[in-house]
Amino acid sequence: MQPDRNAMSDADFAAELRAWLEAVYPPHWRDPVLRLRGRDAEWWYARQWQDGWRAPAWPREHGGLGLSVEKLILYHRVTEDFGIARTLDHGVKQVGPILVQYGTEAQRAACLRPILEGTQTWCQGYSEPGAGSDLAALRTRAEREGDSFRVNGQKIWTTQAEESTHLYFLARTSAAPKKQMGISLFLVRRDAPGITVRPIRNLLGEREFYEVFFDDLLVPADAVVGAVDQGWTVAKALLGHERFAQGSPALARHTYRLLCAMAGPLGAFDDPAFADRIARLGCDLSDADALYAENCAGVASGADLGDSLPIAKLVAAELFQAMTECLQDLAAEARARPGCGVSAARIDEAARVYLMSRPYTIFGGTAEVQRNIMARSLLPLRD
Ligand SMILES: Cc1cc2nc3c(=O)[nH]c(=O)nc-3n(C[C@H](O)[C@H](O)[C@H](O)COP(=O)(O)OP(=O)(O)OC[C@H]3O[C@@H](n4cnc5c(N)ncnc54)[C@H](O)[C@@H]3O)c2cc1C
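A few points on the structure. Just so we're clear, the structure is a prediction, and the values are computed from it rather than from any experiment.

**Some remarks on the pairing of strand E8 (residues 195–201)**
Argument step 1. The pairing of E8 with strand E9 (residues 207–220) spans seven bridges and is classified as antiparallel. Counterpart to Arg 198 in the pairing with E9 is Glu 211.
Argument step 2. Linking E8 to E9, which pair antiparallel, is a turn of five residues; within it Gly 205 sits at a positive phi near 85°.

Put into structure tokens, the structure is as follows:
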């Protein structure tokens, strides 16, 4: 069992976490834009587990740290400030919480411990061609055959499908009058016969996400999480206090620092138009920080944040993109002025951050969809 740190003072907790990161975290991974993958990610998961810092939000009886909401917020703050790289970690962030809430004993026994140890890694098969924002329009079919389901269909944009050991996915198990009904959530080994993956290259040219094809895949009926046909409820039921982290402006803050570092040698602060632009971005960053802090406080006090979460996610994503656009403009100027004091590595970094920021207004609900949610909550609109 991992240690119980809830009784520690906040200062001691933060100091211990920080000291542990200083001691074990590889310095070349201190880059919030970086995303660890494959063996690197597995090494980090295993190290977290070995040192008792894995699965901060999972209940202790299921092997997690069982942190209180206050400590969980602090955990995110310290790790963000330290600059740890991003990880997909669907096992800890999605599958574990779903199994704790809806899984059978057998499913928990098969998955929770290997997820904690970092030996079982998960990818998410929700989106399909024609079913992204409108996820309930999904058409992958799972037909009952005795003790199994036979699955046929296709997923798309499945991040890190190739390197994950397991896949959780939604499929239609019965025709129902409402499209959100008749959907079930399945767990399956990624290398099961009947699953084929095909990479899609992202803007950076990396094999980040995949098409996943199901051709007569046979899945045992006990691989359904929750009740058959109730997958929509299961899929949407993620622990609320995990979701607030999406509104963190950590990446915008990181890019703001890159901006200031590049603007100095270029003398950009002497240009009134640039000074105005960066001042606005700085003010927007303060606003985003304040919104995030307000949400954290709301979560800590047990308030229902409701529509504040999409607003914070949208603000953080769009600000991150605005920062990277400004950074790209500076990088273009630096490229045109050799010997200006900005290194080629910094110029390349600007391009990488810019490209990496683009999907932030797409995944986890597009900017337009977030605006719809906001509009519905703030304006007297009908569906
Ligand atoms: C980097 C990245 C990683 C991803 N990883 C995964 C993953 O691991 N697993 C997974 O299942 N999915 C994943 N996705 C898919 C992601 O969830 C979808 O891209 C997203 O839900 C949007 O769906 P779509 O691409 O089908 O676009 P569409 O839903 O077809 O939308 C196209 C455009 O129409 C707009 N639009 C759609 N509906 C409305 C509406 N009602 N009102 C206004 N505008 C609307 C959208 O905002 C968008 O601009 C990933 C996506 C990205 C970019």
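**Here's the deal with the packing of helix H9 (residues 272–300) against helix H10 (residues 308–336)**
Argument step 1. At a closest axis distance of 10 Å, the pairing of H9 and H10 adopts a crossing angle of 155°. The orientation of H9 with respect to H10, classified from their angle, is roughly antiparallel. Where H9 crosses over H10, the two elements pack in a sense that is left-handed. The residues of H10 that touch H9, namely those facing Phe 274, Arg 277, Leu 281, Asp 284, Leu 285, Ala 288, Leu 291 and Asn 295, are Ser 308, Leu 309, Ile 311, Ala 312, Val 315, Leu 319, Ala 322, Met 323, Glu 325, Cys 326, Asp 329 and Leu 330.
Argument step 2. The residue makeup of the contact of H9 with H10, split by class, is 14 nonpolar, two polar and four charged.

**Structural notes on the environment of Thr 366**
Argument step 1. Turning to its location among the elements, Thr 366 is positioned in the loop between helix H11 (344–357) and helix H12 (367–378).
Argument step 2. Once residues within four sequence positions are removed from consideration, Thr 366 is found in contact with Ser 133 and Thr 361.

**Let's talk about the site of the ligand**
Argument step 1. In the vicinity of the ligand, 16 residues are found, and the nearest of them are Ser 133, Trp 157, Thr 159, Thr 366 and Glu 368.
Argument step 2. Contact between the ligand and Tyr 126: an oxygen atom at 3.0 Å from a main-chain N or O atom of the residue.
Argument step 3. Between Thr 366 and the ligand, the recorded distance is 2.6 Å, taken from a side-chain N or O atom to an oxygen atom.
Argument step 4. Considered on its own, the ligand offers 970 Å² of accessible surface; in the complex 65% of this is hidden by protein.
Argument step 5. Of all elements in the fold, only strand E5 (148–159), E9 and H12 reach the threshold of two or more residues within the shell around the ligand.
Argument step 6. Element by element, the count of residues in the shell around the ligand is highest for E5, at three residues.
Argument step 7. Residues that form the shell around the ligand fall into these classes: six nonpolar, eight polar and two charged.
Argument step 8. When residues of the shell around the ligand are assigned to domains, at least three map to each of domain 2 (122–236) and domain 3 (240–378).

Thresholds applied
Residues numbered from 1 in each chain as written. Predicted model: local features only at pLDDT ≥ 70, side-chain atom pairs only at ≥ 80, totals over all residues. Heavy atoms only, no water. Pairing = 2+ DSSP bridges. Helix = DSSP H or I, 4+ residues; strand = E, 2+ residues; numbered from the N terminus. Axes fitted to C-alpha atoms, helices over the stretch in contact; angles between N-to-C directions. Parallel < 35°, antiparallel > 145°, perpendicular 65-115°, else oblique. Left-handed = near helix turned anticlockwise from the far one by under 90°. Contact = heavy atoms within 4.5 Å. Nonpolar A, V, L, I, M, F, W, Y, C, P; charged D, E, K, R; others polar. Near = heavy atom within 4 Å. Polar contact = N/O pair within 3.5 Å; in protein donor to acceptor, adjacent residues only side chain to side chain. Areas by Shrake-Rupley, 256 points an atom, 1.4 Å probe, with all protein chains shown as cover. Domains from an automatic or database assignment.

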